[in-house]
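Understanding the architecture of this molecule
Residues per chain are reported as follows:
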Amino acid sequence: HLASFSVRPGGGSRISVTSSCYALLCIFASADSCSYFGEAVNFNLAPPADGDDLSDSGSVVQVRTILAELLKSEWREDDLFQVPLLLNTLLTIDKRREVLNDSMDDVMSSSLKRLVEATLQARPQRRNGNYQPISNYIQFLIADALATLMEFTPAYETLGNLPSRSIPADAEKD
């Protein structure tokens, strides 16, 4: 069954994507997150050194593991509330692309590509004018995710500074 919120991936049968995203965004919203949560949360997103095992860290929550589990979770492409929220959370928390990089496995890379595609396809269309088929709040989530994607797009680099294989073929950074 779905636990309302689990900070320990693997602790339940499914991770709650929406609750986990909001919890992570709240934790990272504070400029002083490390002092508040430093004993309970490992904010280090760098890959573990050879021989290190993130799953054997006792009661400390591993943000790197949570991000990976969120990306691998069972989210639906047609859930226009969850898709942009998940994309925005991943991009915001992994600013230096320590998780969302070329070392991602095929499952994670494909999932990230589907997230970007679904968000781009759901964007508000000018041709619909004031009569958009989605709510203003969903439009905000989509616009926020797209703005975050562009914020992390350096000049002459890939969209969102993401690995090329995780970017939809027809997506352009311009």
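Residues numbered from 1 in each chain as written. Predicted model: local features only at pLDDT ≥ 70, side-chain atom pairs only at ≥ 80, totals over all residues. Heavy atoms only, no water.

Next up on the list: the overall build of the protein. Along the backbone of the protein there are six helices and two strands. Reading the secondary structure of the protein in the N-to-C direction produces α-α-β-β-α-α-α-α. The buried share of the protein, reckoned over its 174 residues, is 41%. Counting only contacts in the protein whose residues sit at least 6 apart along the sequence, the fraction spanning at least 24 positions is 57%. Roughly 10,000 Å² of accessible area belongs to the protein as shown, and the carbon and sulfur atoms make up 50% of that amount. (Helix = DSSP H or I, 4+ residues; strand = E, 2+ residues; numbered from the N terminus. Buried < 20%, exposed > 50% of the residue type's maximum accessible area, 1.4 Å probe, protein only. Contact = heavy atoms within 4.5 Å. Areas by Shrake-Rupley, 256 points an atom, 1.4 Å probe, with all protein chains shown as cover.)

Let us now look at the environment of Glu39. Mapping Glu39 onto the fold places it in the loop between α2 (33-37) and β1 (41-42). Classification of Glu39 by relative accessible area gives exposed; the value is 78%. Considering only alpha carbons, one finds Glu39 and Val61, 22 residues apart in sequence, at a separation of 9.2 Å.

When pLDDT is averaged along the protein, the result is 81, and 79% of the positions lie at 70 or above. The least confident element of the protein, judged by mean pLDDT, is α2 at 75; the most confident is helix α4 (residues 82-93) at 94. (pLDDT = per-residue confidence, 0-100.)

Okay, the side chain of Glu98 next. By secondary structure assignment, the location of Glu98 is in the loop between α4 and α5 (106-121). Take Glu98: its relative accessible area is 19%, and that puts it in the buried class. Residues in contact with Glu98, not counting those within four places in the same chain, are Leu45, Ala46, Pro47 and Arg64.

What follows covers the packing of aromatic side chains. Evaluation of the coordinates by the stated rule reveals two aromatic pairs. Between Tyr22 and Phe81, the aromatic rings sit 6.4 Å apart at their centres with planes inclined by 45°, giving tilted as the arrangement. Of this pair, Tyr22 sits in helix α1 (residues 17-29) while Phe81 sits in the loop between α3 (63-72) and α4, and the two are 59 residues apart along the sequence. Pairing Phe28 with Phe43 gives two aromatic rings, centres 5.3 Å apart and planes at 75°, and the pair type is edge-to-face. (Phe/Tyr/Trp six-rings, centres within 6.5 Å; stacked < 30°, edge-to-face > 60°.)

A separate point is the packing of α4 against α5. It is at 9 Å that the axes of α4 and α5 come closest, and there the two elements cross at 125°. Classed by the angle they form, the pair α4 and α5 counts as oblique. For the crossing formed where α4 meets α5, the hand is left-handed. Along its contact with α4, which presents Val83, Pro84, Leu86, Leu87 and Leu90, the element α5 presents Leu112, Leu115, Val116, Ala118 and Thr119. (Axes fitted to C-alpha atoms, helices over the stretch in contact; angles between N-to-C directions. Parallel < 35°, antiparallel > 145°, perpendicular 65-115°, else oblique. Left-handed = near helix turned anticlockwise from the far one by under 90°.)

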